[in-house]
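These are the residues of each chain, in order.
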Amino acid sequence: MKQLVLSIRNLTIRSEGGGHAIVDNISLDVAKGEVVALIGESGSGKSTIGLSCLGLFRPGLTYVGGDIELEGSNLLGLPPRELQSLRGRRVAYVAQSAAASFNPAIKLNSQVIEPSIAHGTRSASEALDRAISLYATVRLPQPNQIGSRYPHEVSGGQLQRFMLAMGMLDAPALLVLDEPTSALDVTTQVEVLMAMKSAVSAQGTSALFISHDLPVVAQMADRVVVLRNGRIVESGPTNELLHSPKEAYTRELIAAFRKIDQKRLDISQEQDRKTVLSVQDLSAGYGGRTRAGKPSVLAVENASFNLARGEVLAVVGESGSGKTSLAQAIAGLLPRSVGSVRLHDVELSASLGGRTKDQLRRVQMVFQMADTALNPKHTIARTLERVLEHFFRLPAAQREKRIEQLLALVQLPPEIAARYPRQLSGGQKQRVNLARALAAEPDVLICDEVTSALDTIVSVAVLDLIRELKAKLGLAVLFVSHDLAAISGIADQTIVMRRGKIVEAGETAVILDRPKHPYTQLLVSSVPELRANWLQEAAPRNEALAKRIAAGV
Amino acid sequence: MNYFIQSLRRPGIVISASILLFWLVISLAGGFVLPHDPTVFISDDAFADAVGAALGTDHMGRDVASRLLAGTQLTIGMSVAAAALSHLVGVSLALCAAVNGGWIDTVSSRLVDIILSVPKIIVGLVVVAVLGPSLTVLIVMTGTVYSGGVFRIARALARDVVGLDYVRAATARGEGKLHIMMREILPNILSPLAVDFALRVSFAILFISSLGFLGLGVQPPKADWGTLVHDNISGLSSGSLAAIWPALAIASVTISLNYLVDTLSLAGENGRKQ
């Protein structure tokens, strides 16, 4: 029997005031040098468990019972002062958003060594030496110099690696990694995962890896614990669990990822190829105008494409590629500076003010964050009603009927109408967003990262719905996404954007299977696959591709 | 919700709510609760005890208790009216600024900077000196000097909401500015504005009382609390508490109001976090 670093027994945590159990009678072990993954959807209690390993509970949560033993001592019985001395020293935490975790006014080196100095484990110069050697371990460039930069002077992926170095500085027995790569672009994710994997194994650290992303977990973990609604569904060695899951929920979860992974569309025959939306040489951006009349910061440069009825066109790129700006320029939310956007061969004005009500109706946008896209003070019925009133001036009796139809169209029960957004789940909210756009009976539907904030099983269902609606209603869909896996199951055509420019365009299947541009190849190569050792293959392949891109091939 | 109700049972809340309720009832009851006519001289002696005058007589031999109770309606009424006015002006202007942005935002923000840069009490002194201390002048002036602060808070709240997708969705479908202001934004900033309103009332009580204390309150024979302190201050040297009672009244209302607002908004926040 291997020595246990972490042992959780019958942990139960409830929401305050007699609420339901967030974590329900959980027991799990992490052995020395082992990486255990907690996987689950939002609300599964995975982050709550992660924080409780540091003896922390979010406000509004109460500890009900159970033990958490770290290297043999029960964390939950310790006085606050002793608990404090363990945090950062014996157990360290790496959060999802590194950008929000660093103080922008202090140089990285001082922040990385701060916990070590606070605990008195090392002198400043010793801590600095150790930090620099860790920078090399997590593959930061120029380990000797990079630490003297400020947080805004390094990239998001590098910042995440600084946080990892900070966590590992005092060689803790346990690292809690809470969705450490979820906020990163796919290409960056590969680098950071590789750095994490090699650092953890080089230091022999045990880790609790919290994630919603099964393919990522498959690369990192020795063992996987599947959580749902605060309970353990199933746990076992990674390979065993992936290949022979016992529980229905685990199978559903794996199937959802496989579905995304393997789905390839045949170009649909039913589409009638009539161009609905035509974009020519569109440029748009932010900031003041230069003398040439272009914005000082160009977000989209010379984009051109056609979108036909019954067609889904995916716009793919990483953060900063200009894909969302392109969508907004078409919708009129970000006025374009040059170029033309034609709807049914009629030029659309750059700004909203110059478009007719009918033109506004025909182009509808579905926003990324389901939470902020619905007015929290309006019921679902009121949200939908307003669109019907605004565009069609429907009398009240007909509106009610139409709302019921719309909800049925997005596969929601009619009683949803009386509810407020906070009473709905994320997936339901995104369906309501779709319904609001459909209420206007648009010709063009612009979907801006509509599934990126959703859990996998839910997002697969939303993608299927969009695909179905497209066929049923003859919509032309512009599907903006950073997720190549998501577009494979939905898009007929794809354009790939990088730094505001379209680098490659064509049929989705061709782009995914035989990408020509090295940047597209890099994107395709970075999509995590649901099998062990994918990371070890992807990392060197990506490095070679990145070199080719840098060389300007 | 449970959590919210639990916090209502705390003694501090019960005490401050009772105090406020007491003054509210007094000001709504008006003349019905007065032992004497507040303008009638019940004694020939200033600052003396008199039959039926629990708190003695004031500097002109009138019943202190009756004058204090009659002053409640004036002070609280003026303050609530002034706070309402400041919110009406401040919030409307803020919504306009936040939704339109651009030069409208810039001009109104700089205008407010100017209003806020002049000390309120000096504005008060000058305005009252020029226009005379009528009820209307006091209310409008107080409402105006506080509308700047309301504008800043409301604008910041509205700016946060303007950037959210549901407002952008409304903009994209071509909704009018009024619809966006009143239907999309206002309902979502109402609860912090309610907190601010309650605090503005207590600021207005202090401000109007300060003016009264400087002799610029409502005209005799009426008197608000600040004026009562002003009138009776000379009695302090002879050991009369006639100036202390209105001062205590001012303190009790403002402290209770502040305490209640702080505690309730904190409880509301914690309730929401669950």
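Predicted model, so just to flag it, every value in this text is computed and none were measured.

*Asks:* I'm lost on the overall build of chain A in this one. Help?
*Replies:* Scanning chain A for helices and strands turns up 21 helices and 20 strands. The C-alpha atoms of chain A give 25 Å as radius of gyration, which agrees with the globular expectation for 553 residues (24 Å, within 12%). Projecting the C-alpha coordinates of chain A onto the three principal axes gives extents of approximately 70 × 55 × 45 Å. When the 553 residues of chain A are sorted by exposure, 55% land in the buried category. Partitioning the intrachain contacts of chain A with sequence separation of at least 6 by distance along the chain shows that 69% fall at a separation of at least 24. Surface exposure of chain A reaches about 22,700 Å², of which carbon and sulfur atoms provide 49%. When the 63 positive and 56 negative side-chain charges of chain A are each reduced to one mean point, those points stand 4 Å apart.

*Asks:* Can you help me understand the interface of chain B and chain A in this one?
*Replies:* Think of interface size as the accessible area that goes away when the parts come together; that is how it is often given. Contacts between the two partners involve 18 residues from chain B, matched on the other side by 22 residues from chain A. Of the roughly 1,900 Å² buried between chain B and chain A, counting both surfaces, carbon and sulfur atoms make up 55%. Summed over the three residues of chain B that lose the most area to chain A, namely Asp165, Arg168 and Arg173 of chain B, the buried surface amounts to 31% of that side. Our count for the chain B to chain A interface comes out at one salt bridge. The salt bridge involving glutamate 175 of chain B is made with arginine 386 of chain A; its shortest N-O contact spans 2.7 Å. Our count for the chain B to chain A interface comes out at eight residue pairs in polar contact (both at pLDDT 80 or more). The set of elements that each furnish at least two residues to the side of chain B that touches chain A consists of helix H1 (2–8), helix H7 (165–172) and helix H8 (177–213) of chain B. Looking at the side of chain B that touches chain A element by element, the count peaks at six residues for H7 of chain B.

*Asks:* How do you make sense of the sheet that holds strand S6 (residues 91–94) of chain A when you look at a structure like this?
*Replies:* In a beta sheet, neighbouring strands pair by backbone hydrogen bonds and run either parallel or antiparallel. Residues and elements named next belong to chain A. Spatial ordering of the open sheet is given by S6-S7-S8-S3-S9-S10, a layout of six strands whose pairing is mixed. Every interior strand has two partners, whereas the edge strands, S6 and strand S10 (231–237), have only one. For this sheet, the mean inter-axis angle between neighbouring strands, taken without regard to orientation, is 15 degrees. Inspection of the sheet shows strand S9 (residues 223–228) paired to S10 by six bridges, in the antiparallel sense. Residue pairing in the sheet places arginine 223 in a bridge with proline 237 of S10.

*Asks:* So what exactly am I meant to see when it comes to the pattern of salt bridges here?
*Replies:* Pairs can form between side chains of opposite charge whenever their charged atoms are close. One pass over the full model with this rule turns up 31 salt bridges over all chains. Arginine 90 of chain A serves as the salt-bridge partner of glutamate 71 of chain A, at 2.9 Å between the closest nitrogen and oxygen. Of this pair, glutamate 71 of chain A sits in the loop between strand S4 (61–70) and strand S5 (73–74) while arginine 90 of chain A is found in the loop between helix H2 (80–86) and S6, placing the two residues 19 residues apart along the sequence. Here glutamate 71 of chain A falls in the partly exposed class, since its relative accessible area comes to 40%. A relative accessible area of 21% means that arginine 90 of chain A is categorised as partly exposed. For lysine 323 of chain A, the salt bridge goes to glutamate 449 of chain A, with nearest N and O atoms at 3.6 Å. In this pair, lysine 323 of chain A is assigned in helix H11 (residues 323–331) and glutamate 449 of chain A in the loop between strand S17 (444–448) and helix H17 (456–473), connecting sequence segments 126 residues apart. Using a relative accessible area of 8% as the deciding quantity, one classes glutamate 449 of chain A as buried. One continuous salt-bridge network, built from bridges that share partners, spans Glu385, Arg386, Glu389 and Arg399 of chain A together with Arg173, Glu175 and Glu184 of chain B.

*Asks:* Just to check I follow, could you spell out the side chain of aspartate 63 of chain B for this structure?
*Replies:* All names here are of chain B. Note that aspartate 63 resides in the loop between helix H2 (11–29) and helix H3 (64–100). Buried charge without a salt bridge: aspartate 63, with arginine 67 as the nearest opposite-charge side chain at an N-O distance of 9.1 Å. At 3.3 Å, the side chain of aspartate 63 and the backbone nitrogen of alanine 65 are in polar contact.

*Asks:* I keep staring at the pairing of strand S12 (residues 295–308) of chain A and nothing clicks. Help me out?
*Replies:* Residues and elements named next belong to chain A. Direction of pairing for strand S11 (residues 275–289) relative to S12: antiparallel, over a ladder of nine bridges. Residue leucine 282 lies in a different strand from S12, and its bridge partner there is alanine 303. Hairpin remark: S11 followed by S12, antiparallel, with five residues in the connecting loop; positive phi at glycine 293, about 90 degrees.

*Asks:* Please explain the packing of H8 of chain B against helix H9 (residues 225–232) of chain B as it appears in this structure.
*Replies:* Helix-helix packing is described using two parameters, namely the angle between the two axes and the distance between the axes. Residue and element names in this part refer to chain B. Where H8 contacts H9, the two axes come as close as 6 Å, and the packing angle between them is 30 degrees. The pairing of H8 with H9 is recorded here as roughly parallel in orientation. Crossing of H8 against H9: the hand is right-handed. Here Ser209, Gly212 and Phe213 of H8 come into contact with H9, specifically with Gly226, Thr227, Val229 and His230.

*Asks:* Help me out: how do you make sense of the packing of H3 of chain B against H8 of chain B in this one?
*Replies:* Closest axis-to-axis distance for the H3 of chain B/H8 of chain B pair is 7 Å, and the angle between their directions is 145 degrees. In this structure, H3 of chain B meets H8 of chain B at a crossing whose hand is right-handed.

*Asks:* I tried to follow unusual backbone geometry on my own but got confused; where do I start?
*Replies:* The bulk of non-glycine residues show a negative phi, and the bulk of peptide bonds are trans. Positive phi values are uncommon outside glycine, yet asparagine 10 of chain A reaches one of about 50 degrees. A relative accessible area of 43% means that asparagine 10 of chain A is categorised as partly exposed.

*Asks:* Would you mind going over the domain arrangement of chain A with me for this structure?
*Replies:* Residue and element names in this part refer to chain A. Examined at the domain level, chain A breaks down into domain 1 (4–246) and domain 2 (266–514). Placing a centre on the C-alpha atoms of domain 1 and another on those of domain 2 gives a separation of 37 Å. Counting residues at the interface gives seven residues for domain 1, matched by five residues for domain 2. The junction of domain 1 with domain 2 conceals about 580 Å² of combined surface from both sides, 34% of it contributed by carbon and sulfur atoms. There are zero salt bridges connecting domain 1 and domain 2.

*Asks:* Sorry if this is basic, but what is going on with the pairing of strand S19 (residues 493–498) of chain A here?
*Replies:* Where a strand is regular, its side chains alternate between the two sheet faces. Residues and elements named next belong to chain A. Within S19, five of the six residues are buried, which leaves it mostly tucked inside the rest of the structure. Here strand S13 (residues 312–316) pairs with S19 via four bridges, running parallel. Considered in S19, the bridge of valine 316 is made with valine 496. Two strands pair when backbone bridges link them, and S19 and strand S20 (residues 501–507) are joined in this way by six bridges, in the antiparallel orientation. Note that in S20 the partner of methionine 497 across the bridge is isoleucine 502. Two successive antiparallel strands, S19 and S20, enclose a turn made up of two residues, where arginine 499 displays a positive phi of approximately 50 degrees.

Reading the values: rules and limits
- Residues numbered from 1 in each chain as written.
- Chains lettered and ligands numbered in written order.
- Predicted model: local features only at pLDDT ≥ 70, side-chain atom pairs only at ≥ 80, totals over all residues.
- Heavy atoms only, no water.
- Helix = DSSP H or I, 4+ residues; strand = E, 2+ residues; numbered from the N terminus.
- Rg over C-alpha atoms; globule rule 2.2 N^0.38 Å.
- Buried < 20%, exposed > 50% of the residue type's maximum accessible area, 1.4 Å probe, protein only.
- Contact = heavy atoms within 4.5 Å.
- Areas by Shrake-Rupley, 256 points an atom, 1.4 Å probe, with all protein chains shown as cover.
- Lys, Arg positive; Asp, Glu negative; His and termini not counted.
- Charge placed at Lys NZ, Arg CZ, Asp CG, Glu CD.
- Buried area = accessible area lost by both parts, 1.4 Å probe.
- Salt bridge = Lys/Arg side-chain N within 4 Å of Asp/Glu carboxyl O.
- Polar contact = N/O pair within 3.5 Å; in protein donor to acceptor, adjacent residues only side chain to side chain.
- Pairing = 2+ DSSP bridges.
- Axes fitted to C-alpha atoms, helices over the stretch in contact; angles between N-to-C directions.
- Parallel < 35°, antiparallel > 145°, perpendicular 65-115°, else oblique.
- Left-handed = near helix turned anticlockwise from the far one by under 90°.
- Domains from an automatic or database assignment.

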